[in-house]
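Structure assessment
The lines below spell out each chain.
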Amino acid sequence: MSAAPKTNAREEFYSRLDTRSLAPLWERLKGLVPPEPQPKTKPFLWKWDDMRPMVLEAGGLLTAEEAERRVLVLENPAFPGMSRATNTLYAGVQLIMPGEVAPAHRHTQSALRFILESDGAYTAVGGERTTMRQGDFVITPAWAWHDHGNHGQGPAIWMDVLDLPLGQFLDTGFGEHHNDKEQSVGRPEDDALWRFGTGLMPMEGERPYGQTSPVFNYPYARTRPALVAAAKELDPHWAATLRFNNPYDGGWAMPTIATWMTHVPSGVRTQPMRTTDSTIVAVAEGRGSVTIGDTRMTFGPRDIVILPNWTWRSFEASEDLFLFCASDRVVHEKLGLYRQEKSA
Ligand code: 1HN
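Here the residue numbering is sequential within each chain, running from 1 through the sequence in written order. In keeping with the model being predicted, local features are shown solely for residues with a pLDDT of at least 70 and side-chain atom pairs are shown and tallied solely at 80 or more, while totals for entire chains, interfaces and linings include all residues. Hydrogens are left out, water is left out, and the side-chain values use all remaining heavy atoms of the structure.

1. Overview of the overall build of the chain
Each helix is a run of H or I in the DSSP string that is no shorter than four residues. Each strand is a run of E no shorter than two, and both are numbered from the N terminus. Tallying secondary structure elements over the chain gives eight helices and 22 strands in all. Each of the three principal axes of the chain carries a C-alpha extent, and together these read 75 × 50 × 50 Å. The proportion of buried residues among the 344 residues of the chain is 49%. Residue contacts follow a heavy-atom distance rule, with two residues in contact if any of their heavy atoms lie within 4.5 Å. Long-range pairs, those at least 24 residues apart, make up 75% of the contacts in the chain with a sequence separation of at least 6. Residue burial considers only the protein chains on display, and all accessible areas are found by Shrake-Rupley using a 1.4 Å probe. Per element, the accessible surface of the chain, about 16,700 Å² overall, is 53% carbon and sulfur. On the chain, the mean spot of the 35 positive side-chain charges and the mean spot of the 42 negative ones are 6 Å from each other. Only protein chains enter the area calculation, which uses a 1.4 Å probe; residues under 20% of their type maximum are buried, those over 50% are exposed, and those in between are partly exposed. Under this rule, positive means Lys or Arg and negative means Asp or Glu; His and the chain ends count for nothing. The atom standing in for a charge is NZ when the residue is Lys, CZ when it is Arg, CG when it is Asp and CD when it is Glu.

In structure tokens form, the structure reads like this:
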């Protein structure tokens, strides 16, 4: 699919087309249908030791309430000014100091939190609070009221991931504020986990959050031992990987963001693979390195790494690694676009 050679007559024709908002497809086809995906997202690493003091500094400049959400956006250098960690996902690090409240609001975007540091922070979703502990994966379904607070002694810091860029593409993003700073809480803590997260399901009743899992906190205290158990048999490319599922149908926990955790035991190196989705990785525990294309990055606990789409990657653990991952894979699968390639 190479473009036809340019001649003066053709060029002159193209500029006349342009004045009528028309364009020659044959000049564009190659760019529109390349022989393989052309990733724009760049590999990137945010170090916890850089992020933490800066988000705490923001805490000295304005309150959570003033900010509405006091967050440092993780902006991929490929997308300056666009609030994108990858081509399709937004990510940031949010701070709530003891006694503060991030006021209740809701929006059409789906959000998740991966907790990096917390001593008694909570979020409320749909009339229920959950305490957020380090390593927990917490979901805010689309259009669910949510507010956050901190009853602990120290700062609470977590990574937010939202499907904002996807919503921007579809032009479906909007939200509203709650009349009250905090929504009223009508159910006991961990109610959702007891009703939906024990291998049991209510016999009757509607799905409370449409396509999103009704379990909104997947505690690390449960995930970690499951990963350790799974590591008895390692996959050469995925090591020990478990995905977070929706108990209603066994599918992904969220309709637009795929989430899973990978455990790479110390000394193990995964075989290179590439996938059509782009992935945000937060290090829950451990140290190691990742080779992304020809870039090698060394990381430690609570660092955040971007794996661009369709780029070879391989992890190596120098200490037992536990990685939280979020990608747009679920959207690729729904649209029949997901592909992966694995080195032998
Ligand atoms: C949001 O609602 C939160 O609820 C965090 O914590 C980050 C980024 C953009 C739009 C809404 C939150 C957000 C956000």
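2. A short note on helix 3 (residues 48-61)
The span expected for a helix works out to 1.5 Å for each residue beyond the first. The terminal C-alpha atoms of helix 3, which comprises 14 residues, lie 20 Å apart, in line with the 20 Å expected from a rise of 1.5 Å per residue. By the burial criterion, the buried members of helix 3 are Trp48, Met51, Val55 and Ala58. Down the axis of helix 3, the smallest arc covering the buried residues is 90°, so these residues share one side. For helix 3, the exposed residues set more than 90 degrees away from the buried face come down to Asp49, Met54, Glu57, Gly60 and Leu61. Each direction from the helix axis to a C-beta atom contributes to the arc, which is the arc of those directions.

3. A closer look at the nonpolar core
Formed by 50 residues in total, the largest nonpolar core has its most connected members in Phe137, Met159, Val161, Ile280, Ile304 and Phe324. Among the elements that take part in this core, strand 10 (residues 156-162) stands out by supplying five residues, more than any other. As used in this record, nonpolar core signifies buried Ala, Val, Leu, Ile, Met, Phe, Trp, Tyr and Cys residues forming a set joined through side-chain atoms within 4.5 Å. In this structure, Leu166, Val264, Met273 and Val305 belong to the second largest nonpolar core, which totals 25 residues.

4. Focus: the site of the ligand
Note on terminology: near, applied to a residue and a molecule or strand, indicates that one of the residue's heavy atoms is within 4 Å of it. Inspection of the region around the ligand gives Arg69, Tyr90, Gln94, His105, His107, Arg113, His146, His148, Asp160, Leu162 and Leu164 as its neighbouring residues. Measuring from an oxygen atom of the ligand, one finds a side-chain N or O atom of Arg69 at 2.7 Å. Throughout this description, a polar contact denotes any pair of N or O atoms lying within 3.5 Å of each other; where both atoms belong to protein, one of them has to be capable of donating a hydrogen while the other can accept it, and for residues adjacent in sequence the pair is counted only when both atoms sit in side chains. In the model, an oxygen atom of the ligand is placed 2.6 Å from a nitrogen or oxygen of the His105 side chain. Listing elements by their share of the shell around the ligand, those giving two or more residues are strand 3 (90-96), strand 4 (101-107), strand 9 (146-150) and strand 10. For this classification, the nonpolar set comprises Ala, Val, Leu, Ile, Met, Phe, Trp, Tyr, Cys and Pro, the charged set comprises Asp, Glu, Lys and Arg, and every other residue, Gly included, is treated as polar. Looking at the shell around the ligand residue by residue, the class counts come to three nonpolar, five polar and three charged.

5. A short note on the sheet that holds strand 11 (residues 175-177)
A pair of strands counts as paired when DSSP detects no fewer than two bridges linking them. Reading across the sheet, the five strands line up as 7-6-9-4-11 and stay open at both edges, with antiparallel pairing between neighbours. Each having just a single partner strand, strand 7 (128-132) and strand 11 make up the two edges of the open sheet. Pairs of neighbouring strands in the sheet enclose a mean axial angle of 25°, with direction left out of account. Pairing of strand 6 (residues 121-125) with strand 7 involves five bridges; the strand directions are antiparallel. Paired with Val125 across the two strands is Glu128, which belongs to strand 7. Comment: axis = line fitted to C-alpha atoms, over the contacting stretch for helices; angle = value between 0 and 180 degrees taken between N-to-C directions.

6. Regarding the pattern of salt bridges
Side chains carrying opposite charge are able to pair once their charged atoms draw close together. We define a salt bridge as a side-chain nitrogen of Lys or Arg found within 4 Å of a carboxyl oxygen belonging to Asp or Glu. For the structure shown, the criterion picks out 19 salt bridges. Close ionic contact of Glu27 with Lys6 constitutes a salt bridge, the shortest N to O distance being 3.6 Å. With Glu27 in the loop between helix 1 (8-19) and helix 2 (29-32) and Lys6 in the segment before helix 1, this pair connects stretches of sequence that are 21 residues apart. Glu27 sits in the partly exposed class, given a relative accessible area of 24%. Sharing partners across several salt bridges, the network here consists of Glu128, Arg187, Asp191 and Arg195.

7. A few points about unusual backbone geometry
Positive phi, close to 70°, is recorded for Glu68, a residue that is not glycine. If you trace the backbone, Glu68 turns up in the loop between helix 4 (64-67) and strand 2 (71-73). Given the relative accessible area of 24%, Glu68 is considered partly exposed. Residues other than glycine seldom take positive phi values, yet Arg302 does so here, at roughly 70°. Along the polypeptide, Arg302 turns up in the loop between strand 18 (295-299) and strand 19 (304-307).

8. Section: the sheet that holds strand 5 (residues 111-117)
Strand order in the open sheet formed by six strands is 2-3-10-5-8-12, with antiparallel pairing between adjacent strands. Among the strands making up the open sheet, the edge pair consists of strand 2 and strand 12 (217-218). Two elements, strand 3 and strand 10, share seven bridges in a ladder whose sense is antiparallel. Residue Ile96 lies in a different strand from strand 10, and its bridge partner there is Ala156.

9. As for the pairing of strand 6
Counting buried positions along strand 6 yields five of five residues, so the element is predominantly enclosed. Going residue by residue along strand 6, you find Ala121, Thr123 and Val125 tucked away on one face and Tyr122 and Ala124 tucked away on the opposite face as well. Here strand 6 runs beside strand 9; their pairing, made up of five bridges, is antiparallel. Across the sheet, Tyr122 pairs through a bridge with Gly149, a residue of strand 9.

Treat this as a map of the structure, not an account of what it does.
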